[in-house]
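Descriptive analysis of the structure
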Amino acid sequence: MHDKLYIDGHWVAPAQGGSADVINPATEEVIQKIAMATAEDVDIAVKAARRAFDQDGWPQLSGTERAGYLRAIANGIRARQAEIARLEVLDNGKPFPEADWDIADAAGCFDFYAGLAEEFDHNGVEPIPLGDARFVSKAVKEPLGVVGAIVPWNYPLLMASWKVAPALAAGCTVVLKPAELTSLTALELAAIADEVGLPAGVLNVLTGTGSTTGQAIVEHPLVDKLAFTGSGPVGSKIMAEAARDVKRVSLELGGKSPFVIFDDADIDEAVEWIMFGIFWNQGQVCSATSRVLVQEKVYVRLVTRLVEETKKIKIGHGLEEGVLLGPLVSARQHAKVVGDVEKARAAGADVLCGGQRPEGFDRGFWFEPTILANVPLDSEAWVEEIFGPVVCIRPFQTEAEAVALANDSRFGLAAAVMSKDETRAERVAAAFRAGIVWINCSQPTFTEAPWGGYKQSGIGRELGLWGFENYLETKQITRFQSGEPWGWYIKPQAGA
Ligand code: NAD
């Protein structure tokens, strides 16, 4: 089924029969072929999702009934967790323990939204106190409709789950387009949905390129909402196009997140969290803390330790034992990271370690974990997302200076601070202009907590209750309950 599209409960070949190779980024070998959907396939899928929403009764099921399907999907993912994680490694390149974590998280996401769907049976209606006793009013939350979900390649199944699980829980139907580089586990999700008997048309999975398949979803007039995770330029284009039909949009875009380390922090703990904040998933993480600011007094000591530990990272194929860094996802991403580091060098940055293809890794898209110092504040490396295992590090003197440097970005996805002084850490957390703030750590992500960015890092929030609200409309229902006539046009007859 990996070379088919999942539309209206069936595995089908694309109308125009196109396909593309799936490449293992560790070996550059072709491991699969996937179908390339065109606008024709998108039209069939959107119409199936429309019918499932408008006629087949998916939104009318109780939250508890929908939760039954979501829990079954969660169990289906868990039953094949190792197999799906292995597929993610081959498709994306990430080390197996990371993939295994992602897949467990994806299952947990379906369970979490099953819980919210069940609660929705009791809390989907809110009475509205009115200042006029002749009326009673309530606010009713209702599913929004057909959702076009478009996701990136860095956390293939997890990013799909962050959208599909809350959308289905809320009673929406979905047309999902995974990234063309990493589509295999989204197709596995479709297979699991099929196995558990999810009604036809409720979830459709179409593989294909952004410019053809994605664009057709974005433009389709029968899609009510676009839920997108990906790059800023594509997000901004989607938002502009959605404006034409006033489609709802939620966008999770890029970042250039700061990590401020004060001089009272434990050096080893700081080094550990800096590494986790930038080398996990080869740095291909939207919230990666890629700008590290270290208070002057401990700067040299910390940087020395960081370089020492970074050099020990085991690079290798994601299925090898003990590997902590795999290849980048594609030749294009590799070329981008190589180019970004070259530009940083040309701008005057010092490469403290890494900065090149590791020795002995001639095939595949490998890049060493890299630390850049003395990066000019106006250089691309400091300002733009590299989306690779590359961290920029610089010293600061005062708290005010650190906060100003941290916030000096058009992005505002995440930020982190480390200090033993809790009051100071909380003060800095409050001053950060970012949607996700970590204190004394970087990156841990929880299904229960809101996820999304300030400024150009996006619009709307995923995860938690906020992620569920993304897929709901609010309807006001007001009833006139007075025994007296309204009497504006038709005056009550005297003595009547
Ligand atoms: P991308 O924008 O190139 O692609 C994302 C998805 O959009 C893919 O499925 C792609 O096929 C599709 N797409 C591309 N052009 C399209 C178009 N014109 N119309 C419709 N769909 C289109 O991004 P990417 O390179 O896959 O992912 C990396 C980016 O994603 C980074 O910038 C990263 O920061 C961001 N990201 C953000 C988050 C978050 O939660 N904020 C999470 C992961 C990744």
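Tallied over the full model, the rule gives 16 aromatic pairs. A ring pair is formed by F480 and W486, whose centres lie 5.7 Å apart and whose planes are at 85°; its orientation type is edge-to-face. For F480, a relative accessible area of 38% corresponds to the partly exposed category. Seen from the ring of Y471, K225 lies directly overhead, with NZ or CZ sitting 5.2 Å from the centre. Cation over ring: R394 sits above W382, and NZ or CZ is 5.6 Å from the ring centre.

On to the site of the ligand, then. What surrounds the ligand is a group of 29 residues, the closest being V151, E180, S231, L253 and E385. Within the backbone of V151, one N or O atom sits 2.7 Å away from an oxygen atom of the ligand. In this structure, W153 approaches the ligand through a side-chain N or O atom, which is 3.0 Å from an oxygen atom. Protein chains bury 89% of the 850 Å² of accessible surface belonging to the ligand in isolation. A per-element tally of the shell around the ligand places helix α7 (residues 210-219) first, with four residues.

Turning to the sheet that holds strand β6 (residues 135-143), a few remarks are in order. An order of β5-β6-β22 is seen for the three strands of this open sheet, with the pairing classed as antiparallel. Either end of the sheet is taken by a strand with one partner, and the two such strands are β5 (125-128) and β22 (472-480). Across the sheet, the mean angle separating the axes of adjacent strands is 25° when strand polarity is ignored. When β5 meets β6, the two strands line up antiparallel, connected through four bridges. Paired with P127 across the strands is K138, a residue of β6.

This part takes up unusual backbone geometry. Even without being a glycine, D8 presents a positive backbone phi close to 55°. Take D8: it is sitting in the loop between β1 (5-7) and β2 (10-12). In this structure D8 comes out as partly exposed when scored by relative accessible area, which is 21%. The backbone of Q443 sits at a positive phi, close to 100°, despite the residue not being glycine. Along the chain, the position of Q443 falls in the loop between β19 (436-439) and β20 (454-455). Exposure remark for Q443: the relative accessible area of 6% places this residue in the buried category.

Rules of the game
Residues numbered from 1 in each chain as written. Predicted model: local features only at pLDDT ≥ 70, side-chain atom pairs only at ≥ 80, totals over all residues. Heavy atoms only, no water. Phe/Tyr/Trp six-rings, centres within 6.5 Å; stacked < 30°, edge-to-face > 60°. Buried < 20%, exposed > 50% of the residue type's maximum accessible area, 1.4 Å probe, protein only. Lys NZ or Arg CZ within 6 Å of the ring centre and 35° of its normal. Near = heavy atom within 4 Å. Polar contact = N/O pair within 3.5 Å; in protein donor to acceptor, adjacent residues only side chain to side chain. Areas by Shrake-Rupley, 256 points an atom, 1.4 Å probe, with all protein chains shown as cover. Helix = DSSP H or I, 4+ residues; strand = E, 2+ residues; numbered from the N terminus. Pairing = 2+ DSSP bridges. Axes fitted to C-alpha atoms, helices over the stretch in contact; angles between N-to-C directions.

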